[in-house]
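Coordinate analysis (summary)
Chain residues, written in single-letter form:
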Amino acid sequence: STKETFLTMRLTGTKYACGRGGCGACTVMVSKRDPTSQEIRHFSVTTCLVPICSLYGAAVTTVEGVGSMKTRLHPVQERIAKSHGTQCGFCTPGMVMSMYTLLRNHPQPSEEQLLEALGGNLCRCTGYRPILASGKTFCLVSRGLRGHPQSKNDGDRRSSLGTQESQLFVKEEFQPLDPTQELIFPPELLRMTENPEKRTLTFHGERVTWISPGTFKDLLELKAKHPEAPLILGNTSLGPAMRSKGCLHPILLSPARISELNVVSKTNDGLTIGAGCSLAQVKDILAERVSELPEEKTQTYRALLKHLKSLASQQIRNMASLGGHIISRHSYSDLNPILAVGNATLNLTSEGTRRIPLSEHFLAGLASADLKPEEILESVYIPHSQKLALTFRQAQCQQNALPDVNAGMRVLFKEGTDIIEDLSITYGGVGAATVSAHKSCQQLLGRQWDELMLDEACRRLLDEVSLPGWAPGGRVEFKRTLVVSFFFKFYLQVLQELKKLIKPFPVPVSALAFMGSWHVDSHQPLQDPVGRPVMHLSGLKHATGEAEFCDDIPMVDKELCMALVTSTRAYAKIISIDLSEALEIPGVVDVITAKDIPGTNGTEDDKLLAVDEVLCVGQIIFAVVAETDVQAKRAIEKIKITYEELEPIIFTIKDAIKHNSFLCPEKKLEQGNIEEAFEKVDQIVEGEVHVGGQEHFYMETQRVLVIPKTEDKELDIYVSTQDPAHVQKTVSSTLNIPINRITCHVKRVGGGFGGKIGRPAVFGAIAAVGALKTGHPIRLVLDREDDMLITGGRHPLFGKYKVGFMNNGRIKALDIECFINGGCTLDDSELVTEFLILKLENAYKIRNLRFRGRACLTNLPSNTAFRGFGFPQGTLVTESCITAVAAKCGLPPEKVREKNMYRTVDKTIYKQAFNPESLIRCWNECLDASSFHNRRKQVEEFNKKNYWKKRGIAVIPMKFSVGFAATSYHQAAALVHIYTDGSVLVTHGGNELGQGIHTKMLQVASRELKIPMSHLHICETSTAMVPNTIATAASVGADINGKAVQNACQILLKRLEPIIKKNPEGTWEEWVTAFEQRISLSATGYFRGYKAFMDWEKGEGDPFPYYVYGAACSEVEIDCLTGAHKKIRTDIVMDACCSLNPAIDIGQIEGAFIQGMGLYTTEELKYSPEGVLYSRGPDEYKIPTISDVPEEFNVSLLPSSQTPLTIYSSKGLGESGMFLGSSVFFAITDAVAAARKERDIAEDFTVKSPATPEWVRMACADRFTEMVYICPLPLEPPSHPTPWAIFK
Ligand SMILES: Cc1cc2nc3c(=O)[nH]c(=O)nc-3n(C[C@H](O)[C@H](O)[C@H](O)COP(=O)(O)OP(=O)(O)OC[C@H]3O[C@@H](n4cnc5c(N)ncnc54)[C@H](O)[C@@H]3O)c2cc1C
Ligand code: FES
Ligand code: FES
């Protein structure tokens, strides 16, 4: 593959994060000369789907070719880094390549083009805003970059927080883009296209032969000779199938050089497009035709264009061909439904030619209506429209997401009337193929376009487009609702067209604006970097691809690859294992089982490698070691394991409660007298809240390289972890060798979010056993599917509340009971339960409280730490409860929030004293900055005028306690060496996860030693340099390590003091000659942190060093008919005290906010009824994309009081922003409540997170959802009694 070729060439800048074309990390630019126009076409592609043979005659530019630190940086690279668009940097090369390709084609792109170009690139860290900001510096009209955008909302007011700054970067310093300086198309390739090779080229691989004919005639002959061989064009359909379904095609025919397949011809009645044209080219061709023809003739073309905008990503559209799309006939196809209603026909060629309609029968794959095996689709004819044709689509996210349901609809009326003469409707996503509602359409002919027809049409459609309850993909009721909701949308639009009204549903163009602000002390010397928006130390290296991640380390001598064999059963006894066939696969070296472990195999309840019994699907049983990754994976397919199922198998929290299956005892906190208080209140409400789990989806999957040394059992371990000391300890106990022989190195981690605290030790230990047994270095790199299957994530939560309150909204008593799904082992579940209970009160003072929490033991992979550690789930229960109280009192939720918020110095439920002043300031500032009250009125006005669209607005306060509730965790060490040339090497116990800890540490060292940051360097985190470290987690990494670095620097400066005193005018380089006077220039710094304790018996303690306060206000608009939501604006005010680096801190807040928004709106884990995780990649699991960012996004850091416990009074902001994402959730529920109120349905609906389009649509109940319930589903056959998917 192209990936392997890059690795062989040591081009490691291109990253791999999914292998399915869904994340954009592997984006490169391909340049080809068009044989017809002779123009050079530059387009972005995702390398993971590009077979190397398909690149014959093409030039490929990787991030290394764009620019480098050694030669010259390209403006794209410079700007993305300097605009703070990189955190962990794993997505950055892909971002750079998407942006670079855009600029090669459009040196001054529009914002829309920029969004389109970046829509297929996922980033899990930044929240996208700074990446977009960097791209916008190239746009012709650039808005909102310098921190003072004009708000789009009337009556808006910007707050003033004293001496504020709002420029995170200075645009004027950027080098200009000079298109004349770009790499030229290689002359040898130009010559090749001038004299195109006509010979058939054949490439033989180990298992596949690739044949690329030079002429159309040869292609036809080859197809006749190998009728079973597929034509390979974009490989976006074949590739994923070969990878995930194991389809193997021994012969592939590549028509890439056949120009006949790219011919486009226009006639008076239609357009013929070559089947080999890419979807991106089809988009351009259609757009051109739309601009040339009168509107009524282009209805089909416009409908196709609408879907082409949201179909996959720019990269996939550049690769995928029209022919491949049509022939693949995916049930979700976005184009086939429109082509079918648009009466498109297919021009087929073999010995002769023939034309077949792209009909319902063709789409269903009926042999009589299909291509013959020897036939090739040459081109597609799409006639001009004479009728109104429209198209609809609903997916989990706006961009880069497969549709749940889509539809193409077309109608023709009898001349001058509203009588239906012809009607055609097709749906995608509701069956195994695109389906046509032919019968319903026939029955509606001759009917008037009115309400009666609508009603009948809906019933007929529901009847005809049947979708059984067990249908693959699930979401049955939602999909059935969309079937009728889309028709209703069509009905309305046609009606308005008939009435010649203006277009009702304009497609909005996002105009993302941003304002950030923070406070800088005006007395601070200019050269002191603390508090300034210093760029991430690795920013430029991220952008050039030179930043080395664990798997970029070149192959070491005799290295072997490891792949893991995991359980396919949820709870079973292992009866037998047959390895014989696997061991015969060439290249396979050994299999590592529990018997090979010389020391301890994890713990009794949590084994590294399973013995006799498995507790979940995805549990690691053993590992295969082979010469290559591919061989190891091939061997896994040949291993046969027989199991005997055990009982009971438990997946959900409700099942666990039923079976009394828990991981640890209940945790409880109580205050006041709750029972007595319930007696005295005006009202009592009870409710339930469900919060789904979350996958970390760090862009760099888990990986480790273990290198055994020749002497003394020493091991060097390079690992992507937040806790190298834990890896070191686990390897030591597993191998039974002392800790001092093992050195763990962490250069940088491509995102962790809590998922790389415990798990890397498991992978490190298994790989180390392999290294010990074989004597070879072992590399273990998890692919995305395995990573998602094995590692677990955030705990799903089920909460029950009972709240007693007065009619004025004052809450007198609150009783919350929470259950979290811990999975099959304890891991961090007990701690998560404790944190959940400790933090549940959020910002509210309620006199009578009872909080209880338990972690359930189930047969799912063990859940673990995740940013926020229980807080984002638990507090959603508290806030939902407040919303319910507000609804009962007829008050706006913000009034009830305000009424119950902490106001004065007080004690928390666990009796820790604190001052809520900053909380109140954040809240007021947020209300002010967002012009909340004005906008609340505007939202109400909007809702009065619109029935099918509703807006919602919500403001949420936050009190977040940082740190671990254990004293031993509040310590850190650092080691600082000054060398004789004056350069300084800093090492500390924190790991660089993208959160910029190394940058902040050098800012601290620079201030303390009073030398510029350029004198300072951090190489890596290593257990040999700073031992016995704690995990970089709980938001305190910079706090505690900063203090340790400060301590080390102060020790050194103290030692230098006599020398400086003697020569006060001297330079740093002169002072460090102290070495010659026998003064040690190396010092260990240590921070003995906060005493944290919690007495659970008494319910009292001092568990946290301090709180971060904040508030966020979000406004959204929902489409009640489809459930789609658009984020209009978000304002965040965060109390960062004295930020060490506002660019980094704003980045943490934004990134966490967007990750939280994902948790609460789109990220949904689905399991088969047998406990197999379905959502194992970016296709099925939707993290936010660039188009999900609020159109206006403002972040302010509140200048605040001092926090003496932390370094320079800064605050740790890594996790807290996550919960603020719930403001989007509550804005959505606010909009849903408005819809329900208008429809006269109860406002107290069950709160379920994520609020996916499915949830929103079904909660906005109306006549269409009712129809779905009334029109029964076909009876389920007894062989399929269970639903398609279950939720945790
Ligand atoms: C990440 C990702 C996201 C996607 N998102 C969407 C989406 O949102 N909406 C959507 O509708 N689709 C989506 N797709 C699917 C995509 O549209 C199709 O995979 C693509 O159009 C197939 O084209 P291709 O050229 O890559 O086909 P290939 O994979 O190259 O070939 C597919 C099949 O077509 C046959 N074939 C190709 N050309 C011819 C021909 N001329 N004559 C005869 N047979 C031929 C081949 O034999 C093969 O069997 C997505 C795909 C990916 C990977
Ligand atoms: S790795 Fe290629 S798109 Fe994700
Ligand atoms: S910076 Fe984008 S994934 Fe980390």
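Residues numbered from 1 in each chain as written. Chains lettered and ligands numbered in written order. Predicted model: local features only at pLDDT ≥ 70, side-chain atom pairs only at ≥ 80, totals over all residues. Heavy atoms only, no water.

Here we look at the site of ligand 1
Looking at ligand 1, there are 33 residues lining it, with L233, T236, L238, S321 and D334 nearest. In the environment of ligand 1, an oxygen atom lies 3.2 Å from a nitrogen or oxygen atom belonging to the backbone of A312. At a separation of 2.9 Å, a nitrogen atom of ligand 1 approaches a polar backbone atom of L377. Coverage of ligand 1 by the protein amounts to 94% of the 1,000 Å² it exposes when considered alone. Broken down by secondary-structure element, the contributors of at least two residues to the shell around ligand 1 are α13 (322–328) and β12 (376–383). At five residues, α13 tops the list of elements feeding residues into the shell around ligand 1. Broken down by class, the residue content of the shell around ligand 1 amounts to 19 nonpolar, 11 polar and three charged. (Near = heavy atom within 4 Å. Polar contact = N/O pair within 3.5 Å; in protein donor to acceptor, adjacent residues only side chain to side chain. Areas by Shrake-Rupley, 256 points an atom, 1.4 Å probe, with all protein chains shown as cover. Helix = DSSP H or I, 4+ residues; strand = E, 2+ residues; numbered from the N terminus. Nonpolar A, V, L, I, M, F, W, Y, C, P; charged D, E, K, R; others polar.)

So, the pairing of strand β15 (residues 420–428)
With respect to burial, β15 is a largely interior element, seven of its nine residues being buried. Summarising the sheet, strand β14 (residues 403–413) and β15 pair through eight bridges and their orientation is antiparallel. Across the sheet, F413 pairs through a bridge with I420, a residue of β15. Between β14 and the antiparallel strand that follows it, β15, lie six residues; G416 among them carries a positive phi value of about 70 degrees. The pairing of β15 with strand β16 (residues 435–436) spans two bridges and is classified as antiparallel. Pairing of T426 across the sheet is with S436, part of β16. Between β15 and the antiparallel strand that follows it, β16, lie six residues; G429 among them carries a positive phi value of about 85 degrees. (Buried < 20%, exposed > 50% of the residue type's maximum accessible area, 1.4 Å probe, protein only. Pairing = 2+ DSSP bridges.)

Quick notes on the packing of aromatic side chains
If you walk through the whole model with that rule in mind, you get 29 aromatic pairs. Aromatic pair F835 and F869: ring centres 5.1 Å apart, planes at 75 degrees, arrangement edge-to-face. Pair noted here: F835 is in helix α27 (residues 829–839) and F869 is in the loop between β32 (848–856) and α28 (871–889), with a separation of 34 residues, a long-range link. Residue F835 is classed as buried on the basis of its relative accessible area, which comes to 5%. A relative accessible area of 12% places F869 in the buried class. A ring pair is formed by F1225 and F1226, whose centres lie 5.2 Å apart and whose planes are at 85 degrees; its orientation type is edge-to-face. A single burial state applies to F1225 and to F1226, both of which are buried. (Phe/Tyr/Trp six-rings, centres within 6.5 Å; stacked < 30°, edge-to-face > 60°.)

Digging into the pattern of salt bridges
Under the defined criterion, the tally for this structure stands at 73 salt bridges. For E830, the salt bridge is made with K667, and the minimal N-O distance between the two is 3.3 Å. Placement of E830 in helix α27 and of K667 in strand β24 (residues 667–671) is noted, with a sequence separation of 163 residues between them. For D1230, the salt bridge identified is with R936, shortest N-O distance 3.1 Å. Of this pair, D1230 sits in helix α37 (residues 1222–1238) while R936 sits in helix α31 (residues 932–945), and the two are 294 residues apart along the sequence. No difference in accessibility class separates D1230 from R936, as the two residues are buried. (Salt bridge = Lys/Arg side-chain N within 4 Å of Asp/Glu carboxyl O.)

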